[in-house]
Amino acid sequence: IVDAIKYVEKKTRIKKDYFISYDLNSKSVTGKSTGASIALGMIALIENKDFNSFIITGAINEQGDLLETGGLLIKILSVSKTPVKNIIVASGQKTMTVYEQYNNRLLAKNINLFEYGEKLGVNYIEIKNIEEGILLTLNEKV
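Residues numbered from 1 in each chain as written. Predicted model: local features only at pLDDT ≥ 70, side-chain atom pairs only at ≥ 80, totals over all residues. Heavy atoms only, no water.

Draft legend 1. Main features of the pattern of salt bridges. Counted under the stated rule, the structure contains 4 salt bridges. Two residues, Glu47 and Lys49, come together in a salt bridge whose shortest N-O distance is 3.3 Å. Relative accessible area serves as the criterion here: at 29%, Glu47 is assigned to the partly exposed category. Taking relative accessible area as the criterion, Lys49 reaches 18% and is therefore assigned buried. (Salt bridge = Lys/Arg side-chain N within 4 Å of Asp/Glu carboxyl O. Buried < 20%, exposed > 50% of the residue type's maximum accessible area, 1.4 Å probe, protein only.)

Following this line, the structure appears as structure tokens:
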């Protein structure tokens with residue numbers, strides 16, 4: 001979140017105080033995957049913009065690059081159960097390897113994340129940086 005704030009301050013040239021709170025009914029949420037969504041939310045507030053229907057996951061660095069994230073299979077599955085059918089991730093995450101035990105052997109299985117999303121009715125979108133995310137997700141308010 002700190003890198004998201006640094007990126008937004010650099011992009012907008014505006015320094016503000018932020019209060020970020022998560023109201024979740026879960027104790028199993030961990031990681032840095034909220035950085036991109038926090039940055040987009042902050043930019044939307046500062047620039048008075050609306051969101052399109054997208055979910056973005058991944059941390060960002062101070063330069064605004066979207067970084068790879070874990071748990072994409074469950075994230076795609078979760079998105080498939082919402083009205084929003086678009087998930088944005090860092091480019092380069094086209095496949096994922098999962099391991100399954102079968103007859104006392106460990107088997108590696110490569111999953112194409114685009115195809116997995118497609119089977120569940122989810123658009124799997126890769127971007128390089130938050131600037132691409134801004135173009136996809138934020139609109140001028142009417």
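Draft legend 2. Fine view of the packing of aromatic side chains. For the coordinates displayed, the defined rule picks out 1 aromatic pair. For the pair Phe114 and Tyr124, a centre-to-centre distance of 5.0 Å together with 80° between the ring planes defines the contact as edge-to-face. Within this pair, whereas Phe114 is found in helix α4 (residues 113-119), its partner Tyr124 is found in strand β6 (residues 123-127), the two being separated by 10 residues in sequence. Judged by relative accessible area, which is 33%, Phe114 ranks as partly exposed. (Phe/Tyr/Trp six-rings, centres within 6.5 Å; stacked < 30°, edge-to-face > 60°. Helix = DSSP H or I, 4+ residues; strand = E, 2+ residues; numbered from the N terminus.)

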